[in-house]
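Tertiary structure, described
Next come the chains, spelled out residue by residue.
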Amino acid sequence: MTLIPTAISICDVLLLAHAGFGVTGCLAGVWVMVEALNARAENAGRIRAAAWLAAACMAGAWICGGYWYVHFYPAEKILILAGPWPFAHNVFMEVKEHLFFITGILALLLPVVARENLYANAIARRLVICVAGLIVVTGLAIEGAGAVIDHGVKVALLRSNGKEHRQ
Amino acid sequence: MNIATTGKASGLTAATKGFTLAAAVTVLFNTALSWAKDAYAPLQDFMKSLTGHHWTTHGLADLVVFAGLGIVFTRTKAVGMMDAGRLVGVLTASVAVAALGLVVWFAIH
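We now turn to the structure provided with this report. On a predicted model such as this, the values are computed, not experimentally measured, just so you know.

The next thing to look at is the overall build of chain A. Looking only at helices and strands, one finds five helices and zero strands in chain A. Along chain A, helices and strands appear, N-terminal first, in the series α-α-α-α-α. For 167 residues, the compact-globule estimate of 2.2 N^0.38 gives 15 Å, and chain A exceeds it by more than 25% at 20 Å. Dimensions of chain A, computed from the C-alpha atoms along their principal axes, are close to 70 × 45 × 25 Å. Put simply, of all contacts in chain A between residues at least 6 apart along the chain, 77% involve residues at least 24 apart. Summing over all exposed atoms, chain A offers an accessible surface of approximately 8200 Å²; the carbon and sulfur share of this is 68%. One finds the centroid of the 12 positive side-chain charges in chain A at a distance of 5 Å from the centroid of its 10 negative side-chain charges.

Pasting the structure below:
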């Protein structure tokens, strides 16, 4: 058996946990929407559990992503700004780091509104579907921005690596 | 008549109304604070001095505004009398304006 040496740092773990929590939070938002569209007395508990899952996941994404952003992102920012895709920071990271707060607030709101009896209240059902839908839309936009930022680092490294090879 | 079986109940609890309105105000506050600290460096420096990073302070400020306004609005009669149906539109419009405000600001700034 060949052992593959790995070098996974806390920085990598935090970044992947941030993205993983974010995707799971979005999926929980979709789960809430689907359950709310078919709201009955029998699935009221599941709706509330899914709403809490969305909130917990977004809180996890906030903490992991926040720690990573404050402690590890500055080095990547320098790379991005010196590379061919400076807009990956100037536009995408700037929007992402502030748009995330909107998703986070909506995720914290979701368990509050999901306490209503959705199967008996059309307005509450509409509100829960709206909040969950906004979490999904803004969450997916944030995930997409994360991919652009990652690519901004990649193209910067590829370019500097290419220069080294030519020398 | 049992509301649970008719599915015709309307209205929302005071907490739902209060925290939904608080979320709508908080997302707009979030965008306004983003603009302000980006345009006015001393504000960003002040926010950095509070927690070590402006982003950390920004997030905490959003949480305080959301929780604080949520509690206040829940206890406010005028909010309790708000048309529940309008809250969905208010929240959606606030999120759309706040998100678009961030994209436009950082795209052209």
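Before going further, it helps to spend a moment on the interface of chain A and chain B. Counting from both sides, the interface comprises 32 residues of chain A and, opposite them, 41 residues of chain B. Buried surface at the junction of chain A and chain B, summed over both partners, amounts to about 3100 Å²; 77% is from carbon and sulfur atoms. The tally of links from chain A across to chain B stands at zero salt bridges. Applying the counting criterion to the chain A and chain B interface returns seven residue pairs in polar contact (both at pLDDT 80 or more). Broken down by element, the residue count for the side of chain A that touches chain B peaks at 15 residues, all from helix H4 (residues 87-113) of chain A. Broken down by class, the residue content of the side of chain A that touches chain B amounts to 23 nonpolar, five polar and four charged.

A few words on the environment of Asn121(A). By the element assignment, Asn121(A) lies in the loop between H4 and helix H5 (122-166). C-alpha of Asn121(A) to C-alpha of Asn43(A): the two residues are 78 residues apart in sequence and 14 Å apart in space.

Here we take up the pattern of salt bridges. Residue and element names in this part refer to chain A. Counted according to the given criterion, the structure contains two salt bridges over all chains. With a closest N to O distance of 2.7 Å, Glu35 and Arg46 form a salt bridge. With Glu35 in helix H1 (residues 10-37) and Arg46 in helix H2 (residues 44-71), this residue pair connects regions lying 11 residues apart in the sequence. Among the residues examined, Arg46 registers a relative accessible area of 40% and is labelled partly exposed. The salt bridge partner of Arg40 is Glu42, with a shortest N-O separation of 3.3 Å.

Thresholds applied
- Residues numbered from 1 in each chain as written.
- Chains lettered and ligands numbered in written order.
- Predicted model: local features only at pLDDT ≥ 70, side-chain atom pairs only at ≥ 80, totals over all residues.
- Heavy atoms only, no water.
- Helix = DSSP H or I, 4+ residues; strand = E, 2+ residues; numbered from the N terminus.
- Rg over C-alpha atoms; globule rule 2.2 N^0.38 Å.
- Contact = heavy atoms within 4.5 Å.
- Areas by Shrake-Rupley, 256 points an atom, 1.4 Å probe, with all protein chains shown as cover.
- Lys, Arg positive; Asp, Glu negative; His and termini not counted.
- Charge placed at Lys NZ, Arg CZ, Asp CG, Glu CD.
- Buried area = accessible area lost by both parts, 1.4 Å probe.
- Salt bridge = Lys/Arg side-chain N within 4 Å of Asp/Glu carboxyl O.
- Polar contact = N/O pair within 3.5 Å; in protein donor to acceptor, adjacent residues only side chain to side chain.
- Nonpolar A, V, L, I, M, F, W, Y, C, P; charged D, E, K, R; others polar.
- Buried < 20%, exposed > 50% of the residue type's maximum accessible area, 1.4 Å probe, protein only.

Everything listed here is a matter of coordinates, which is why it stays silent on function.
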